[in-house]
Amino acid sequence: MHAMRGGPFTNDESLGEIKDMERMKRFVLAASALTLMGMAGCSRGEGNAVAVDTQKEFTDPVPIIWYLCANHEQPDIGSVEAAADAYLQEQYGLSVELNLKISDYAGYSDQMQMVIASEKPYDICFTSSWNNNFNGNAARGAYYPLDQLLKDYGKDVWASMPEKFWEAGKFQGTVYGVPSQQVFFKRNYVTVAAEYAREYGLDTDKIKGLEDLKDFFYQVKADHPQIYPLALSENGINGKNLLSMGFENITGEYLPGVIRITDQSATVVNQYETPEMEELYQLIYQFRMDGIIKPDAALTTNNGVAGMKDGTHIASVNATLKPGSESTEKENFGGREVLLIPISEPWITTESLTSGMNAVSSNSKYPELAMQILNLVNTDEKLYNLLCFGIEGKHYQKNGDGTIKTIEGAGYDPGSDWAFGNQFLAWKREGQAPDIWEKTIEENKSARTSPAMGFVFDPMPVQKQIAGVNTILDKYRIPLETGLKDPKEALPQFREELKKAGSDEIIAEAERQLRLYCGINSK
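Keep in mind it's a predicted model, so treat the numbers as computed, not measured. Here the residue numbers are simple positions, counted from 1 along each chain's written sequence. Selection of residues for local features in this predicted model requires a pLDDT of at least 70, selection of side-chain atom pairs for listing and counting requires 80 or more, and totals for whole chains, interfaces and linings are taken over all residues. Calculation of side-chain values draws on the structure's entire complement of heavy atoms; hydrogens and water are dropped beforehand.

Trainee: Explain the overall build of the protein to me, using residue names and the numbers behind them.
Mentor: Where helices and strands are cited, they refer to DSSP runs of H or I of at least four residues and of E of at least two residues respectively, numbered from the N terminus. In terms of helices and strands, the protein carries 21 helices and 16 strands. Only protein chains enter the calculation, and the probe is 1.4 Å; a residue is then buried if its accessible area is under 20% of its type maximum, exposed if over 50%, and partly exposed in between. Relative to its 523 residues, the protein shows a buried fraction of 58%. Relative to all contacts within the protein whose residues are 6 or more apart in sequence, the contacts with residues 24 or more apart total 78%. Accessible area of the protein: about 21,400 Å², with a carbon and sulfur share of 48%. Here, residues are in contact when the closest pair of their heavy atoms is within 4.5 Å. To be clear on the numbers: accessible area is Shrake-Rupley with a 1.4 Å probe, and residue cover counts the displayed protein chains and nothing else.

Quick look at the structure:
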């Protein structure tokens, strides 16, 4: 393994002028706790910094376009933009017109691909391993290199987290993304409505995977034929349970190319050719045929939350069990008591570290100002919570204990605090524990670290194959993950078409890069 190299600052370099030291203490404390976490893996060197005009000032209102994703569009977003503009002017003398373009999760990646392909100017976008793919966009030059911008305009956000976490925002040694501080691990889990778990004597200690819930689901279905026990949707299931099958994706979510999470040999396999994936597809197909999942699951939006709320579903599968998940799941299930059952160990991977970032567009007219905005959103508690929750009394109310209760139908409730920036600045939502962020920090420290930690796949050598493979994935993945296709017939066809499109070349290139990264001689 190689030692990680530093970022734009050296240890003895000044952290810059900080206007509000009390504000800084909050995120520096969180970052200090995170430094205790040991992380394995290989690292890469620095890229070339880009010079910017550090004396540049903005006097007239400058439009800053920021693309984000959330549960749904926000009708009253204009009032939040105006409030943020006023705050930035009053507190920092920045004359800005924020234009927050928020779309739903399912359509966000397609939207961003069209925006990027059009070369239409914008300034900031949410990017990640699972939506609006960071690696692919960085490889194609869609994002602005941030090393120099961080040094000139982002000292506060740089100082707010250990340097090792900035590895997640790098591509080929250069920083292109600002990671959102949040839960940095993944632990797959199943949510079950507690009333049914008690009624049918579900032994949660014996649940290690979806297969172990089979008898429970069939018992519920037999007594309640109107219920489709397991919620599935147009998003499928593999983004939520891959760790439970023992896999870590290293090429980008859904693309062929995983390692077995405990494997130290840097061997990359095609997950769609494994027995584990075949067994999952067969189980899901059986579930659809027997009414355990809805026949139209492939057309269901928002992860099936509507069916959870009205009692149509009594269980769901999710990617990341973390402090605060219980209150979120309770809300998803209409306020009913729920049980959260882990089906994997907690792992920190490059993918989990890149699950929430913001990048500056390479076509931005104002990259310096965009960096200033990201710096403030990640360090200014009031600004961050304004963007997350909106305006007090209009979009949310503060309870006596300081927690937040959103006002239903008020027109602004993105519910995606992690998309904006540093979640450790977030006010607690109603039902969340007072020590939720302290617990998150502790669990970040105790999670296991992937042997491929820090590896970032460069898709450019196989971009033609990836384009072809994505076409095949669009044809087969969701139908197989929601039971629309019989895997006995469709899976051999799926595998054959993946090979013809170039999946073997993608696997070989990913393994070559990974072995080189970790200092392992090629086979």
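Trainee: Just give me the short version of the sheet that holds strand β6 (residues 177–179), but keep the residues and values in it.
Mentor: To summarise the sheet geometry, strands pair through backbone hydrogen bonds and adopt either a parallel or an antiparallel arrangement. Sheet architecture is open: five strands sit in the order β2-β1-β3-β13-β6, paired in mixed fashion. Two strands bound the open sheet, and with one partner strand each, they are β2 (96–104) and β6. Averaged over all pairs of adjacent strands, the angle between strand axes in this sheet comes to 25°, irrespective of strand direction. Across nine bridges, strand β1 (residues 62–70) lies against β2 in parallel orientation. Its bridge partner lying in β2, L68 is registered against I102. Structural elements are reduced to axes, namely lines fitted to C-alpha atoms, with helices fitted over the stretch in contact, and the angle between N-to-C directions of any two is expressed from 0 to 180 degrees. Set on the sheet, helix α3 (residues 105–118) makes contact with β1, β2 and β3 (124–127); between it and β1 the angle comes to about 140°. Strand pairing is defined by DSSP finding a minimum of two bridges between the two strands.

Trainee: Go over the sheet that holds strand β11 (residues 338–342), please, and point to the residues and values.
Mentor: If you walk across this open sheet you meet the three strands as β10-β7-β11, and the pairing is antiparallel. In this open sheet, the two strands that pair with only one neighbour each are β10 (315–318) and β11. When strand polarity is set aside, the average angle formed by the axes of neighbouring strands in this sheet is 20°. Packed on one face of the sheet, helix α13 (residues 325–332) meets β7 (189–193), β10 and β11 and runs near 130° to β11.

Trainee: Lay out the packing of helix α2 (residues 77–92) against helix α16 (residues 381–389) with the relevant residues and their values.
Mentor: Running from amino to carboxyl end, α2 crosses α16 at an angle of 170°, the nearest separation of the two axes being 10 Å. Classified by the interaxial angle, the pair formed by α2 and α16 is roughly antiparallel. Of the residues in α16, those touching α2 at V80, A83, A84, Y87 and L88 are K382, L383, L386 and L387. Residues belonging to the contact of α2 with α16 are distributed by class as follows: eight nonpolar, no polar and one charged. Our angle categories are set so that under 35 degrees counts as roughly parallel, over 145 as roughly antiparallel, 65 to 115 as roughly perpendicular, and the remainder as oblique. Any residue that is not Ala, Val, Leu, Ile, Met, Phe, Trp, Tyr, Cys, Pro, Asp, Glu, Lys or Arg is counted as polar, Gly included; the first ten are nonpolar and the last four charged.

Trainee: How would you summarise the packing of aromatic side chains if you had to cite specific residues and measurements?
Mentor: When two rings of Phe, Tyr or Trp (its six-membered ring) have centres within 6.5 Å they constitute a pair, described as stacked for plane angles under 30 degrees, edge-to-face for angles over 60, and tilted for the intermediate range. Within the structure shown, the criterion is met by 23 aromatic pairs. Geometrically, the ring pair formed by Y67 and Y122 is edge-to-face, given 5.5 Å between the ring centres and 85° between the ring planes. Of this pair, Y67 sits in strand β1 while Y122 sits in the loop between α3 and β3, and the two are 55 residues apart along the sequence. Taking relative accessible area as the criterion, Y67 reaches 4% and is therefore assigned buried. Taken together, the ring pairs connect Y105, Y108, F126, W130 and W418 into an aromatic cluster. Each ring is checked for a lysine NZ or an arginine CZ that lies within 6 Å of its centre and within 35 degrees of its normal; such an atom marks a charge sitting over the ring. Stacked on the ring of Y228, the Lys or Arg K221 has its end atom at 4.0 Å from the ring centre.

Trainee: So what's going on with the pattern of salt bridges? Which residues, and what values?
Mentor: The salt bridge definition used is simple: a Lys or Arg side-chain nitrogen within 4 Å of an Asp or Glu carboxyl oxygen. Following the criterion strictly, the structure yields 19 salt bridges and no others. Of the charged contacts, one joins E276 and R260 as a salt bridge, the two residues approaching to 2.9 Å between their closest N and O atoms. Taken as a pair, E276 in helix α11 (residues 275–289) and R260 in strand β9 (residues 258–260) lie far apart in primary sequence, 16 residues in all. By relative accessible area, which is 23% here, E276 ends up partly exposed.

Trainee: Account for α2, with residues named and values stated.
Mentor: Helix span, expected: 1.5 Å multiplied by one less than the number of residues in the helix. Given a rise of 1.5 Å per residue, 16 residues ought to cover 22 Å, and the 22 Å separating the end C-alpha atoms of α2 matches this to within 8%. Within α2 the residues assigned to the buried category are I77, S79, V80, E81, A84, D85, Y87, L88 and Y92. Just downstream of α2, G93 is the residue with a positive phi angle, here 70°.

Trainee: Go over a negative patch on the surface, please, and point to the residues and values.
Mentor: Residues enter patches when they are more than 30% accessible in relative terms and free of salt bridges; like-charged ones are connected within 9 Å and nonpolar ones (Val, Leu, Ile, Met, Phe, Trp, Tyr) within 5 Å. We treat Lys and Arg as the positive residues and Asp and Glu as the negative residues; His and chain ends play no part in the count. For this purpose, a charge sits on NZ of Lys, CZ of Arg, CG of Asp or CD of Glu. On the surface, a cluster of negative charge is contributed by E211, D212, D215 and E279. Within the secondary structure, E211 is located in the loop between α8 (194–199) and α9 (214–223).

Trainee: Please give an account of the environment of L210 that cites residues and values.
Mentor: Tracing the backbone shows L210 in the loop between α8 and α9. Here L210 falls in the buried class, since its relative accessible area comes to 9%. In this structure the C-alpha to C-alpha distance between L210 and I343, which are 133 residues apart in sequence, comes to 8.1 Å. Residue contacts for L210: discarding those within four places in its chain leaves F217, L230, I237, L280, L283, I284, F287 and V317.

Trainee: Mind laying out the pairing of β10, listing which residues take part and the relevant values?
Mentor: Going residue by residue along β10, you find A315 and V317 tucked away on one face and S316 and N318 tucked away on the opposite face as well. Where β7 and β10 come together, four bridges link them in antiparallel fashion. By the bridge assignment for β10, Y189 is matched with N318.

Trainee: Before we move on, can you summarise the pairing of β7 with the specific residues and values?
Mentor: In the case of a regular strand, side chains alternate between the two sheet surfaces. With five of five residues buried, β7 is to be regarded as a mostly interior element. Side chains of β7 alternate between two faces, with Y189, T191 and A193 and V190 and V192 buried alike. Inspection of the sheet shows β7 paired to β11 by five bridges, in the antiparallel sense. Counted as the bridge partner of T191 is L340 from β11.

Trainee: Describe the nonpolar core, naming the residues involved and giving the relevant values.
Mentor: Taken as a class, soluble globular proteins show a tendency for nonpolar side chains to be buried jointly. Formed by 85 residues in total, the largest nonpolar core has its most connected members in W66, Y122, Y143, M371, L387 and F420. For this core, the leading source of residues is β1, giving eight residues. The contact partners of W66, leaving out residues within four places of it in the chain, are N99, L100, K101, I124, C125, F126, N358, I373, L374, V377, L387 and F420. What is meant by a nonpolar core is a set of buried Ala, Val, Leu, Ile, Met, Phe, Trp, Tyr and Cys residues, joined one to another through side-chain atoms within 4.5 Å. With 61 residues, the next largest nonpolar core counts F247, V469, A490 and L491 among its residues.

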